[in-house]
Amino acid sequence: MFEKWIELGLKKGLKDLEIFAVRHKSLKLSVYQNKLDQHVISDVESVTIRGIFDDKLSTVRFEHLDTEKVDQMLDLLIENAKALTVKEPAIIYEGSSEYPVVKDELFDFNQIDVKDKIDMLKKLESGILNNEHVKQVQTTIYQEIDTKTTLVNSKGLNLSRQNTYAYAYAIGVFEKDDDIKTAYDIKLVKTFDEFNVDEMIKTTLDKGTAKLGGKSVTSDTYPVVFSNEMFADILEVFSSIFSGEAAFRNLTSLKDKVGVKIADERINFIDDPLYKDAHFKMPFDDEGVACKKRYVVEKGVFKGFNHNLKTAKIFNEAPTGNSFGGGISTTNLYLEPSTTTFDDMIKDIKNGIYITDLVGLHAGVKTISGEFSLQASGFRIEAGIITTPVKMIVVSGNYFDMLNDVDQFANDLKFNLSGVGSPSVSIKNLVIGGEA
Amino acid sequence: MLDKKILQELINEALSTGADFAEIYLEDTMSSRISVTSGDVTSTSASNVFGAGVRLILGVDEVYGYTNKITYDSILSVIKNLRASFSGKLFESKPLQNKKLYTSHIKRSMTEVSSKEKTDKLQHLNNLISSYDKRIVQSVTQLLETEQNILVANSNGVYQDDVRTYTRVILMAVAKENDLMQQAYEGPGRFMGFEIFDEIDFDQLAIEVATSAITLLTAEDIKPQVMPVVLHNGFGGVIFHEAVGHPLEATAVAKGLSPFVGKIGEKVGSDILTAYDDGNAKNAWGRLSFDDEGMPTQKNLLIENGILKGFLIDQRNGKKMNMDPTGSARRQSYKYPPTSRMNSTYIAPGKDKFEDIIKDTQYGLFAKKLGGGTVVPATGEFNFAVQEGYMIENGKLTKPVRGAMLIGHGKDVLFKIDKIADNLEFGQGMCGSISGSIPVDVGQPTIRVSSMTVGGAGGRK
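Residues numbered from 1 in each chain as written. Chains lettered and ligands numbered in written order. Predicted model: local features only at pLDDT ≥ 70, side-chain atom pairs only at ≥ 80, totals over all residues.

## Topic: the overall build of chain B
Item 1. A count of helical and extended segments in chain B gives 10 helices and 23 strands.
Item 2. By the compact-globule yardstick of 23 Å for 461 residues, chain B fits well, its C-alpha radius of gyration being 24 Å.
Item 3. Overall, the C-alpha framework of chain B stretches about 70 × 55 × 40 Å when taken along its three principal axes.
Item 4. Among the 461 residues that make up chain B, the fraction classed as buried is 59%.
Item 5. For chain B, restricting intrachain contacts to residue pairs at least 6 apart in sequence, the fraction spanning at least 24 positions comes to 75%. (Helix = DSSP H or I, 4+ residues; strand = E, 2+ residues; numbered from the N terminus. Rg over C-alpha atoms; globule rule 2.2 N^0.38 Å. Buried ≥ 20, exposed ≤ 12 C-beta atoms within 10 Å, placed from the backbone. Contact = placed C-beta atoms within 7 Å.)

## Focus on the overall build of chain A
Item 1. From N to C terminus, chain A includes 9 helices and 21 strands.
Item 2. Since a compact globule built from 436 residues should have a radius of gyration of about 22 Å, the 24 Å found for chain A is in line with a globular shape.
Item 3. Taking the principal axes of its C-alpha atoms as reference, chain A extends roughly 70 × 55 × 35 Å.
Item 4. Going through the 436 residues of chain A one by one, you find that 48% of them count as buried.
Item 5. Sequence-distant contacts in chain A: of pairs separated by 6 or more residues, those separated by 24 or more amount to 71%.

## Some words on the domain arrangement of chain A
Residues and elements named next belong to chain A.
Item 1. Assigned domains of chain A: these are domain 1 (2-210) and domain 2 (214-436).
Item 2. Averaged C-alpha coordinates put domain 1 and domain 2 at centres separated by 24 Å.
Item 3. Tallying the contact residues gives 24 residues for domain 1 and 20 residues for domain 2.
Item 4. Per element, the largest residue contribution to the side of domain 1 that touches domain 2 is 4 residues, and it comes from strand 5 (residues 158-176).
Item 5. Class assignment of the residues belonging to the side of domain 1 that touches domain 2 gives a composition of 15 nonpolar, 4 polar and 5 charged. (Domains from an automatic or database assignment. Nonpolar A, V, L, I, M, F, W, Y, C, P; charged D, E, K, R; others polar.)

## Brief notes about the interface of chain B and chain A
It is common to give the size of an interface as the accessible area lost on bringing the parts into contact.
Item 1. Between chain B and chain A, the residue contacts involve 64 residues of the former and 60 residues of the latter.
Item 2. Looking at the side of chain B that touches chain A element by element, the count peaks at 11 residues for strand 2 (residues 40-58) of chain B.
Item 3. When the residues that make up the side of chain B that touches chain A are grouped by side-chain class, the tally is 25 nonpolar, 30 polar and 9 charged.
Item 4. In terms of strand pairing, strand 3 (residues 56-62) of chain A meets strand 2 of chain B through 3 bridges, oriented parallel. Pairing of Arg61(A) across the sheet is with Ser47(B), part of strand 2 of chain B. (Pairing = 2+ DSSP bridges.)

## Thoughts on the nonpolar core
Item 1. One finds Ile355(A), Ile129(B), Ala173(B) and Val229(B) to be the most contacted residues of the largest nonpolar core, which totals 215 residues.
Item 2. Among the elements that line this core, the one with the most residues is strand 5 of chain A, at 8 residues.
Item 3. Apart from residues lying up to four places away in sequence, Ile355(A) is in contact with Val224(A), Val225(A), Phe226(A), Ser227(A), Met230(A), Ala376(A), Gly378(A) and Val395(A).
Item 4. In terms of nonpolar packing, the next biggest core, distinct from the first, is built from 30 residues, Ile24(B), Leu56(B), Val63(B) and Tyr159(B) among them. (Core = buried A, V, L, I, M, F, W, Y, C linked by C-beta atoms within 7 Å.)

## Regarding the packing of helix 1 (residues 4-15) of chain B against helix 2 (residues 72-83) of chain B
Residues and elements named next belong to chain B.
Item 1. Running from amino to carboxyl end, helix 1 crosses helix 2 at an angle of 20°, the nearest separation of the two axes being 9 Å. One element, helix 1, and the other, helix 2, form an angle in the roughly parallel class. Like other packed secondary-structure pairs, helix 1 and helix 2 cross with a definite hand, here right-handed. Residues Ile6, Leu10, Glu13 and Ala14 of helix 1 pack against Tyr72, Ile75, Leu76, Ile79 and Arg83 of helix 2. (Axes fitted to C-alpha atoms, helices over the stretch in contact; angles between N-to-C directions. Parallel < 35°, antiparallel > 145°, perpendicular 65-115°, else oblique. Left-handed = near helix turned anticlockwise from the far one by under 90°.)

## Looking at the packing of helix 3 (residues 115-130) of chain B against helix 5 (residues 202-218) of chain B
Two measures define how a pair of helices packs: the angle their axes make with one another and the distance between the axes.
All names here are of chain B.
Item 1. It is at 8 Å that the axes of helix 3 and helix 5 come closest, and there the two elements cross at 35°. Judged by the twist between their axes, the crossing of helix 3 over helix 5 is right-handed. Every residue of helix 5 that contacts helix 3 at Leu125, Leu128 and Ile129 is listed here: Phe202, Asp203, Ala206, Ile207, Val209 and Ala210.
Item 2. Of the residues in the contact of helix 3 with helix 5, the class split is 8 nonpolar, no polar and 1 charged.

## Let's talk about unusual backbone geometry
Item 1. A positive phi angle, close to 65°, is found at Asp55(A), a residue other than glycine.
Item 2. Within the secondary structure layout, Asp55(A) lies in the loop between strand 2 (35-53) and strand 3.
Item 3. Note on Asp55(A): 12 C-beta atoms within 10 Å, which makes it exposed.
Item 4. Positive phi, close to 60°, is recorded for Asn322(B), a residue that is not glycine.
Item 5. Within the fold, Asn322(B) resides in the loop between helix 8 (315-321) and strand 13 (329-330).
Item 6. Of the residues examined, Asn322(B) has 6 C-beta atoms within 10 Å and is grouped as exposed.

## Quick word on the pairing of strand 5 (residues 159-177) of chain B
All names here are of chain B.
Item 1. Of all the 19 residues making up strand 5, 14 are buried; the element is thus mostly covered by neighbouring parts of the structure.
Item 2. Linking strand 4 (residues 136-154) back to strand 5 in an antiparallel pair, the connection comprises 4 residues, with glycine 157 at a positive phi of about 95°.
Item 3. Relative to strand 7 (residues 189-190), strand 5 is paired through 2 bridges, and the arrangement is antiparallel. What sits directly across from arginine 168, in strand 7, is glycine 189.
Item 4. Of the strand pairs in this sheet, strand 5 and strand 6 (residues 180-186) are connected by 7 bridges, and their pairing is antiparallel. Counterpart to alanine 175 in the pairing with strand 6 is glutamine 182.
Item 5. A loop of 2 residues connects strand 5 with strand 6, the two strands running antiparallel in sequence, and asparagine 178 in this loop sits at a positive phi of about 55°.

## Digging into the sheet that holds strand 9 (residues 269-271) of chain A
Residue and element names in this part refer to chain A.
Item 1. An order of 11-10-9-14-20-19 is seen for the 6 strands of this open sheet, with the pairing classed as mixed. Strand pairing shows two members of the sheet lacking a second neighbour, strand 11 (301-302) and strand 19 (414-415), which therefore form its edges.
Item 2. The sheet contact formed by strand 19 and strand 20 (residues 420-422) spans 2 bridges and is antiparallel. Counterpart to lysine 414 in the pairing with strand 20 is serine 422.
Item 3. Strands strand 14 (333-335), strand 19 and strand 20 of the sheet are contacted by helix 5 (residues 228-238), whose axis makes an angle of about 135° with strand 20.

## Observations concerning the domain arrangement of chain B
Residues and elements named next belong to chain B.
Item 1. You can read the domains of chain B as domain 1 (4-218) and domain 2 (221-455).
Item 2. Each of domain 1 and domain 2 has a C-alpha centre, and the two are 22 Å apart.
Item 3. Domain 1 puts 35 residues into the contact, and the matching count from domain 2 is 23 residues.
Item 4. Elements that contribute at least two residues to the side of domain 1 that touches domain 2 include exactly strand 1 (21-37), strand 2, strand 3 (61-67), strand 4, strand 5, strand 7 and helix 5.
Item 5. Residue composition of the side of domain 1 that touches domain 2, grouped by class: 16 nonpolar, 12 polar and 7 charged.

## Regarding helix 2 of chain B
All names here are of chain B.
Item 1. In this model, helix 2 (12 residues) spans 16 Å end to end at C-alpha, consistent with the 16 Å of a helix rising 1.5 Å per residue.
Item 2. Listed as buried for helix 2 are Ile75, Val78, Ile79, Leu82 and Arg83. Angular distribution of buried residues about the axis of helix 2 spans 120°; they occupy a single face of the element.
Item 3. For helix 2, the secondary structure elements touched by its buried residues are helix 1, strand 1, strand 2 and strand 3. (Expected span 1.5 Å × (residues − 1). Arc of directions from axis to C-beta.)

## A word on the sheet that holds strand 12 (residues 307-308) of chain B
All names here are of chain B.
Item 1. Across the sheet, which stays open at both edges, the 6 strands sit in the order 12-11-10-15-22-21 with mixed pairing between neighbours. Each edge of the open sheet carries a strand with a single partner, namely strand 12 and strand 21 (425-433).
Item 2. One ladder, built from 4 bridges, connects strand 10 (residues 275-278) with strand 15 (residues 344-347); its direction is antiparallel. Across the sheet, aspartate 278 pairs through a bridge with serine 344, a residue of strand 15.

## Looking at the pairing of strand 21 (residues 425-433) of chain A
All names here are of chain A.
Item 1. The element strand 21 is extensively covered by neighbouring structure, given that 7 of its 9 residues are classed as buried.
Item 2. As defined by bridge partners, strand 8 (residues 220-226) adjoins strand 21 across 6 bridges and the pair is classed as antiparallel. Across the sheet, residue threonine 221 finds its bridge partner in strand 21, namely valine 431.
Item 3. By the bridge criterion, 3 bridges tie strand 17 (residues 385-398) to strand 21 in an arrangement that is antiparallel. Note that in strand 21 the partner of valine 395 across the bridge is isoleucine 432.

## Comments concerning the environment of Lys187(A)
Residue and element names in this part refer to chain A.
Item 1. In this fold, lysine 187 is placed in strand 7 (residues 187-189).
Item 2. Owing to 16 C-beta atoms within 10 Å, lysine 187 belongs among the partly exposed residues under this scheme.
Item 3. Lysine 187 has contacts with Tyr167, Ala168, Tyr169, Phe195 and Met200, leaving out every residue within four places of it along the chain.

Here it is as structure tokens:
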């Protein structure tokens, strides 16, 4: 089918074109009050065509895959390419010399009975409910996803990659003396038997009960420790500053900082598409460029931008295999951990704040200037140990300053579901807004 | 797409194993995005969302499936998969009725306007931003156009199509001085076509965005403190959207996950507070003629003089709550089952004057423009970022401040509103929740909240 579409595109006058097709199958189940609440099944195939007309590249994406529609979308692509006024490199890739082999198992979650999945959710829900502080479980969710991606182009490239995984979590609502808190623990697996419901129940209950009875703190400057999950979430938001597109568009303050020390010399940011413990492994990016491990920041020095084909050409560098979702992003970006345990890391902190939750990361962050101001909760650190819960505070600072103000790193590297990882990190000083 | 007779057959098939409600939702949507960066047309893209969603319900138990193949066979295969969840007696479908007319005021649809006319407008606005000041190092303008065609048919006889035409213009400026970079942004949108350019003074707006980015270069980080906050009209309404709107959605209320459960008829805010959610405000970004369950949209009273009057309800949650739906069922696309969502949510105008509210404030923060925010419905805690703010000292606006983050509890804030001006305005945004990302308006006149916790990076030791 795709070969015919490519022929059609060439016949219409496109110099080159590429078809990027994704078949996405999913099952989502949710349980509420020991009953199945939602059951959603899907099977959708979508196609993105990138095409070059008159040396200009434009993109169309569609889900209506009839031949008539393809014809119409190709015409639209040509029309849109004509509207471009800028001459930027327009490249359809002939392929890398070799591609890494991903050896992950492709488990067929379909072979597990739906009833077993629902039973697992019911067990998870009832286990969390079986606690004096749990008022209710807001929702209990299981989702399995199977995506197959095919990339075919007029330069003869024909690649495919597939990924299957599932995840589950339950949001517990905890209550004690009018104080309400929610907690959950997301578990992502590559095979069904990796789900350990008892462990998920325990983690959710531990997280939720620990948060109860939290108080604000006096507004002041404190040493601040971010949990591994939260520091990863912050890194994820700021990862756009490493994008070659942002550099080209003047939308990153790192523009002239390649080779310059931008962070504490102990900081290594690594993007590793094949990292052994990562949730997702990538043999090639969305333009067909082979993915490979690279240092984004090494010993505090910014090593260079993440590129797609276009920005690599503009900066006269090799593409880095970071073209994803129509833009530039990372595969498995992580901050390298140290060998220090978490307990050792905090043992010298006399009066600090340990942050385990951040809310509103999409709103309280300015990626260009590095400023952030975020609603947070967590715990006090007093005399080197974690003590009482803290809530309704705002942690503020500047990401670039923070990278130079790191006290220590822990050894507890953890990846979030977007493939960004970090250990817990202690920062010497940050401003905390709380009570007057 | 499929004709009425085939849809009726499919609905009958869906009910054949005991479901008491069946619905088929068909969608064909075209969107386009054109970007101009520093004067050049740098990217164009088009996108088509196409498929069918099938929903079966028994009592309040729901199963949903979707496919991008709108054919009898593929929809039947989804139905067969879904109906296996039910077993019981057969419910009769009501015959599909005739379509009602949807309202369309669209003057110039996306396909009727030439690329040239679109890019000319964007380039003109881009140049206005770039040439405003030497310190503007980047300007981005974008045109986002969407035409969503939907048809919903269900076993209650609903057979309704609707066309939703949305046009939005994004304006962004980045200013740089020494090593400091600041950005400012506006993104007005309407339920209309290209005539949005006749409706809104974009030249004025482009200048405002450029001014805002330059102003932020000289702004100081605000010191964290508890203080009165004056929230300006328009996008300031995001506070009400996050802190009150979401907890009033039936998705939160039906599960008892909202501080407003069981509070209809009770006092939930200060006497001067009245608020609505309007699904049918003319040309509004959050508008639809019919909701995604095929029910006509309406204007819903939420709070009147501080008394809670209503929730936003879809059919399924309505059954759970034993209340009537309010025309508020929405979804991003056929890939989501519909649920209760907001449209154009706003605080009604009061009697105060904007200037008097500032004059009346000895010390506080004037939040002129807000960024996004979040609320955790179960706890009622919310946060939102101030994009452009000024200190109020002795009744006057003084220095610009940046990095302010407001946090609080929805139910406390409503009682702390002590001034409401007469200058109602709307702001536009995309609201993300369980049924996906949808266009909504937030709105309010200028209001004052007597005390809020304000976070910021100032005063660092």
